[in-house]
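Architecture and fold: a report
Residue strings, one per chain:
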Amino acid sequence: MTPRPPSSGSDPKKTPERAGAEQPTAAPRRSAPRKTAPQTAEKNESAGNTTRKSVEKAAAKKTAARKAVTKKAATRTTEGIKATAKKTAAKTAASTARSAPEAAAKAAPRKAPAKKPAAKRTPAKRTVAVKAVAETGGTANAVAAEEAVAGAAPAGPLEVAVSPALDAGDRERLLAGAHHAPHSVLGAHPVPGGVAFRAFRPYALAVTVLTGDLRAELHDDGQGFFSGLLPLREVPAYRLEVAYEGTVQHTEDAYGFLPTLGELDLHLIGEGRHEELWQVLGAHPMTHQGVTGTRFSVWAPNARGVRVAGTFNFWDGTGFPMRSLGSSGVWELFVPGIGEGELYKFDITRPDGSRTLRADPMARRTETPPATASVVHASHYEWHDQEWLARRADVPAHDAPLSVYEVHLPSWRPGLTYRQLAEQLPAYVKDMGFTHVELMPVAEHPFGGSWGYQVTGFYAPTARLGTPDDFKYLVDALHRAGIGVIMDWVPAHFPKDDWALAEFDGRPLYEHEDPLRAEHPDWGTLEFDFGRREVRNFLVANAVYWCQEFHIDGLRVDAVASMLYLDYSREPGQWTPNEFGGRENLDAVAFLQEMNATVYRRAPGVVTIAEESTAWDGVTRATHHRGPSGFGGLGFGLKWNMGWMHDSLEYMSHEPVHRKYHHGEMTFSMVYAYSENYVLPISHDEVVHGKRSLVSKMPGDWWQQRASLRAYLGFMWSHPGKQLLFMGQEFAQGSEWSEVRGPDWWLLDPAYGAEADHRGVRDLVRDLNSVYRGAPALWQRDVHPDGFQWVVGDAADDNVFAFLRYDAEGNPLLAVTHLAPVVRPDYRLGVPDDVPAWLEVLNTDAARYGGGDVVHPDPVKPEPQGWHGRPASIRLTLPPLATVWLRPA
C-alpha cells in the first residue's frame, strides 16, 4: 500500500425537492458563498446555517400569506375532504395494527391511548372550519371534535385552544440543535383538557393538523414553532399541512412515531457485538407503523444533539432533530415520505456547542467524489451466483489452486463503469487462467491518488464507477465466469477529512483519544481505536458486510504490521508500551482475532489474507492455538510473503555474472516457507514510485530482460505458495503503473512493431496458469513440508535451482530454473528412480513465448547413475534464462 495525503471533497448538490418530500420549495434563506475545493464540512450548510434573523425577517410576510392559505384551504371541495378522510382511515388502520406489538417489543415510553379503529370512521358530509381562540369551547367543542375525527358531521363549531407553553429550555435546545428528546415535546401528546399538538417548522407560514374531517390551524409561536390544544380524548391519526410561501405540503409528522430500533439492537451495539450493524445504523428506506419513509440512525455518543440535513430540507436540519436512544450513544429519526436517492448528512452539535456536518459512517452509497454527501440506498439486485457460493467452501484456499490477478478497477480500462467492466474483466481473467481477481480497495475514498487506501466510506463501493448494485453485478459476473473475488480492506487507518470520521462528534471517537496512539506517522492519517468496543464492532461488521452483502470471497487486510506494533514508525518517546511493557498492540491483536473468527464463522469459504511484513508469530495460526510468543494465532487464512518478494527481486536485479554471490536470496525463503500459509505477491507496490515495472527491473538488453522475466515467473509459479501478479505485468509492460492511464494495452496492438514480444509473455502467463491448475503437485501441498524437496539448491556458480513438488498422492513435478544467459548442455540432475521417463510440460524459452526455443520435445529417460543424493539422474540442456517444468511421462 502506498497512500497519499487526504483530500476533502466538495459540498453535496443542492438538488430540488423530490416529489412527496415535506419541505419548502421557496422558503426565504441566505446561502453562504460556495467555496472551491478543498472545503470544510460547513460548505454543505449554505442552506442550513440560516440564522434566527432570517426566520424573524420572514415573519412579516406570514400574516397576509396565512390569510390567503387559510382561505384557499377553506374552499376545498367535499370530494377532496372525503378522499383525504378515506386515505387517513386506511393509514390509521395499518398504524393501529402495528403500533401495539411494536410498543410492547420496544418498550416505547409513549403513553398515548390506543387510536380508534379507522374502520369506524365514515365519510364526512361537510367540512369544518376551525377558528383558533384562546380557550376551549367546552363540552360542545369536544363533541364536535370527536365527531369530526370519527368522520361524522360535528355538532357545532370547533375551536383550537392555546396549548401549554413550550419550556424555554426546550425551545432553546431545539433551536441550538442540542435536544436529546425532541419527540417528548414535538408531535401530539395527551394533556389535561385534550391533546396538545406542537410542530417545529422553520420558514413555514402556517401549520394545520388534519385528522378525519378536522382541520385545525395551529398557533404561530414564533421562531418556527406552532402549537395548539384540541379537545380530544386521545391522540388521533393525523397529518400536517404545512404552508410555505408559494406552496403547501402534506406530510406525516416525524415526531408521531415510535423508535425504529429495538432493545436487542441497542444492547448489541452497546456490547460491540452487533454483527449486522449495517442493518440498524445509517439510512434505511422502510415502512414504519404503516407509513413509508427513511430511518436515519447514527452513533455519536459525545454529541449534544444531532439533526438530519439533506436535499429534502434544503440542507437545513433545524426542523429535523433526532432523538437519543439512551446510553447507547445512538441517535434516531424516522422521516416519512423520504426515499431512495436522497442526499443527506448529519448535522452534529459538538460538546462545545459548535456544529459540524458529517457524512454517514454507515452510508451504503455516496455521491461521486469530490462531492461528499451520503445517499439513501436500498439494494434491489438479484444474484445469480448460487452455484459458485455452494461450492466455494469445498476446499480450503491453502489447499486449492490460487492464482490471483490484482486489479485497480478505475484504471484497468479507464472510463469503464462496473457494468462495463463486467463485460470485459471476467472474460479476460478467465482467458488468462487466473482463479481469482484481487481488487484494490473499492470502498469510497475522497482522493483517487490514494488508490482507495484512505477510506471515508467503509460501507459504500466507490461511486466513481456506479451504484452498489452495479458493483454487485460485476462480482456476480466474475463468479459466473468461475472467478473468485478478493477485495483489499483497510481497517488500519482513515483520513482526517473534516466531513468524515475524524473527531466525528466533536471528540476522538473512531480514533484513539491518546494522540500518540491516534496519529499515523507515515501517512498523515488517524489509526482506529481498536480497544473501543463500538469501533471494533464497526470494523468487524464491515468485514462481514462485504462478504455477506457483496458475496466477496476474500479480504486482503492492508497494513497489518502497522496495527500490530505500538512503535511502528515511531521513535523512542513517541509510543507507550502495553500493560506488560511490550511493543505489541494488544487491542489490535484482539480485533484481528475477532474479525477473522467472525468472518470464517459467518461466511463459509471466504479467505482472509494478511499483508504483514514482519516475522509476527502465528499470523495464519488459529486464534485458539497459542504459539511460542504466548499469543493465540491471528486467524488469517493466508499471508503475503513480503520476504520472498523482496529477496527474489533483489536477486533478479543483479547482473547474471554477479548472481552467484546472492544465491541465498533465492533459497532463503524455503527456510521459513512452512511457518505460515503464504501468497507470493508481485503487487502494485512493486511497480510504482520509481521501483520500475517488473520487466524493467531485469538487467541486460531487451531480449535478456524478457527472458529473465519469463524465467522468474516460471520460478514463482512453481515455488510453494500462491501467486499474485499485478495488472500490466502479465504482458511485460515497460513503464510504471499510473492510476491515471492504467496498463499500456497498446503494446498488444498488432500494428505495434514489438507486439509479439509482449504477447509472448502474456501467452506464457496463460500457460503457467493452465498447467498450474492441472498439476496438483504445484498447489495441493503448498503448506506441507512433504510437498517440496530440493534437488539442487546450492549450484550458485551455475545459477541453477532445481526442486521437486509433490501432490497428495505422491506424484512429482520437477522444476528447474537457470538464471545465467548461457546454454548448459547435458546438465545432470538427480531424480527418483521410480519414474520411467520425464516429459517437458512447460519451457519459458519456447519460441512462442519469444525465447530461443531450446526445448525438449521428447521424453527424457533417467540413467541409473546416482546424483545429488538420489539413485538416478537425467541430463538436460538448460536454456539460457529459463525455467523448465517436467512431469512423469
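Up top is the structure these notes are about.
This text gives an overview of the structure that appears in the document. (Residues numbered from 1 in each chain as written. Predicted model: local features only at pLDDT ≥ 70, side-chain atom pairs only at ≥ 80, totals over all residues. Heavy atoms only, no water.)

1. Digging into the overall build of the chain
Within the chain, the regular secondary structure consists of 18 helices and 38 strands. A separation of at least 24 residues holds for 75% of the contacts in the chain among residues at least 6 apart in sequence. Carbon and sulfur atoms make up 53% of the accessible area of the chain, which totals about 32,700 Å². (Helix = DSSP H or I, 4+ residues; strand = E, 2+ residues; numbered from the N terminus. Contact = heavy atoms within 4.5 Å. Areas by Shrake-Rupley, 256 points an atom, 1.4 Å probe, with all protein chains shown as cover.)

2. Remarks on the sheet that holds strand β10 (residues 247-251)
As a general point, the strands of a sheet are linked pairwise by backbone hydrogen bonds and lie either parallel or antiparallel. Strand order in the open sheet made by the four strands is β6-β5-β9-β10, with antiparallel pairing throughout. Looking along the sheet, the strands with just one partner apiece sit at the ends: β6 (214-217) and β10. Between one strand axis and the next, the sheet turns through 20° on average, direction left out of account. As paired elements, strand β5 (residues 206-211) and β6 share four bridges and run antiparallel to each other. Its bridge partner being in β6, T208 is matched across the sheet by E217. (Pairing = 2+ DSSP bridges. Axes fitted to C-alpha atoms, helices over the stretch in contact; angles between N-to-C directions.)

3. What to know about unusual backbone geometry
The peptide bond linking P369 to P370 adopts the cis configuration, its omega dihedral lying at 15°. Secondary-structure assignment places P370 in the loop between β17 (355-358) and β18 (374-375). Its identity is not glycine, yet A559 carries a phi of approximately 55°, on the positive side. Looking at the element boundaries, A559 is found in the loop between β27 (554-557) and α13 (560-564).

4. A few points about the sheet that holds strand β24 (residues 493-494)
Spatially, the three strands line up as an open sheet ordered β24-β26-β25, and their pairing is antiparallel. Two strands lie at the open edges of the sheet, namely β24 and β25 (519-520), each paired on one side alone. Looking at chain direction, β24 and strand β26 (residues 525-527) are connected through two bridges and run antiparallel. In the strand pairing of β26, H493 is matched with E527.

5. Structural notes on the packing of helix α9 (residues 418-432) against helix α10 (residues 468-480)
One way to put it is that α9 packs onto α10 with a least axis distance of 8 Å and a crossing angle of 10°. Judged by the angle between their axes, α9 and α10 are roughly parallel. Two secondary-structure elements touch here, α9 through Y418, R419, L421, A422, E423, L425 and P426 and α10 through D469, D470, F471, Y473, L474, A477 and L478. Here the contact of α9 with α10 is built from residues that sort into 10 nonpolar, no polar and four charged. (Parallel < 35°, antiparallel > 145°, perpendicular 65-115°, else oblique. Nonpolar A, V, L, I, M, F, W, Y, C, P; charged D, E, K, R; others polar.)

6. Thoughts on the packing of aromatic side chains
Going through the model one piece at a time under the given rule, you end up with 47 aromatic pairs. Where F197 meets Y238, the ring centres are 5.0 Å apart and the plane angle is 90°; that geometry is what we call edge-to-face. Note that F197 is positioned in strand β4 (residues 194-200) and Y238 in the loop between β8 (225-230) and β9 (239-244), a separation of 41 residues in sequence. Each member of the pair, F197 as well as Y238, carries the same accessibility label: buried. A centroid spacing of 5.5 Å and a plane angle of 70° characterise the contact between Y545 and W546, whose relative ring orientation is edge-to-face. The residues Y545 and W546 share a single accessibility class, namely buried. It is R413 that lies over the ring of W412; its NZ or CZ is 5.2 Å from the centre. (Phe/Tyr/Trp six-rings, centres within 6.5 Å; stacked < 30°, edge-to-face > 60°. Buried < 20%, exposed > 50% of the residue type's maximum accessible area, 1.4 Å probe, protein only. Lys NZ or Arg CZ within 6 Å of the ring centre and 35° of its normal.)

7. Digging into the packing of helix α6 (residues 263-271) against helix α12 (residues 533-549)
In helix packing, the relevant descriptors are the interaxial angle and the interaxial distance, both defined with respect to the helix axes. Two numbers describe how α6 lies on α12: the axes approach to 7 Å, and their chain directions differ by 105°. What the angle tells us is that α6 and α12 run roughly perpendicular. Seen from α6, the contacting residues are L268, I269, G270 and E271; seen from α12, they are R533, E534 and N537. Partitioning the contact of α6 with α12 into residue classes produces two nonpolar, two polar and three charged.

8. With respect to the pairing of β4
For β4, the buried fraction is high: seven of the seven residues fall into the buried class. Pairing of strand β3 (residues 187-191) with β4 involves five bridges; the strand directions are antiparallel. Paired with A188 across the bridge in β4 is F197. The loop that links β3 with its antiparallel partner β4 comprises two residues; one of these, G193, has a positive phi angle of about 100°.

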